[in-house]
Amino acid sequence: MVDGIARRYDFLNRLLTLGMDRRWRRYAVDRLALEPGDRVLDLACGTGDVAAEVLRRWPGSSVVGADPAAEMLRLAKVKVPTLETIRCSAEKLPFPDASFAALTVAFGLRNFADRGLGLAEIGRVLRPGGRLAVLEFAQPHRGPLQRFYRWYLGSALPVIGGLLSRSAAYRYLPESIDAFPVPDDLVAEMGRYGLAVTERRSWLGGTVWYYRGLRSQAGQD
Ligand SMILES: C[S@@+](CC[C@H](N)C(=O)[O-])C[C@H]1O[C@@H](n2cnc3c(N)ncnc32)[C@H](O)[C@@H]1O
């Protein structure tokens, strides 16, 4: 399903978020505060937008892009030729313990087949004190805009995305957001895997969230 939208993915991201997705990725990458030589894993890297931003913002770092979708990885490599790409799922990462100074996962956590396993793997491959940046959708806050966002995510976006990509992938988005934990629960869940959330913020009435995490020194609690 993911490979089916890969070619139109960037275009649709820009269109459906009116270009705001760039700002969210930039915000998350800025806060990684990398040192020269730091190695970063961009998990669920898709077409490599976050990896590209990491290398632009922190030119002394190196990035590995991991994703199970071969076509996404191919496009990521075209976009970022220096990117090392690895085809794998979050639930079974082919890296030794404490391999990375930082890890990013943008709009990917929601897609993990087993989020617990994925979070455990994130905690394992991050070195103690390593930084984590998560971007993810959530159900909007209650308020006047809630109905609009619900309509946009639930009705407008699947139709526009479906027409332009000829894929059912965008129909799956509202379902996966509904099934995903609310921000407080996600923070608690990450904490259980030794990933302490030290900052979070949202945009678009709580529809898009950034979480800054720190891998505890002791690892999994
Ligand atoms: C919405 S895209 C996000 C891509 C990119 N991070 C971005 O910000 O544009 C979600 C990605 O998650 C990947 N994915 C799906 N299941 C996964 C899993 N179990 N482990 C890792 N990545 C997964 C998909 O292949 C897809 O590329």
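The structure under discussion appears in the preceding block.
Residues numbered from 1 in each chain as written. Predicted model: local features only at pLDDT ≥ 70, side-chain atom pairs only at ≥ 80, totals over all residues.

Novice: Would you mind showing me how to read the overall build of the chain here?
Specialist: If you tally the helices and strands in the chain, you get eight helices and seven strands. Whereas a compact globule of 221 residues would reach a radius of gyration of roughly 17 Å, the chain reaches 16 Å, a difference of no more than 12%. In terms of principal-axis extent, the alpha carbons of the chain reach across some 45 × 35 × 30 Å. Within the chain, the fraction of its 221 residues that count as buried is 37%. (Helix = DSSP H or I, 4+ residues; strand = E, 2+ residues; numbered from the N terminus. Rg over C-alpha atoms; globule rule 2.2 N^0.38 Å. Buried ≥ 20, exposed ≤ 12 C-beta atoms within 10 Å, placed from the backbone.)

Novice: How should I be thinking about the site of the ligand in this particular structure?
Specialist: Looking at the ligand, there are 20 residues lining it, with Ala44, Gly46, Ala69, Ala90 and Ala106 nearest. Of the residues assigned to the shell around the ligand, the class counts are 13 nonpolar, four polar and three charged. (Near = placed C-beta within 6 Å. Nonpolar A, V, L, I, M, F, W, Y, C, P; charged D, E, K, R; others polar.)

Novice: Just checking my understanding: could you explain unusual backbone geometry for this structure?
Specialist: Glycine aside, negative phi is the norm for most residues, and most peptide bonds take the trans geometry. Although it is not a glycine, Ala33 adopts a positive phi angle of roughly 45°. Mapped onto the secondary structure, Ala33 falls in the loop between helix H2 (20–30) and strand S1 (39–43). Located in the positive-phi region is Leu204, a residue other than glycine, with phi close to 50°. Following the sequence through the fold, Leu204 ends up in the loop between strand S6 (195–203) and strand S7 (208–215). For Leu204, a count of 17 C-beta atoms within 10 Å corresponds to the partly exposed category.

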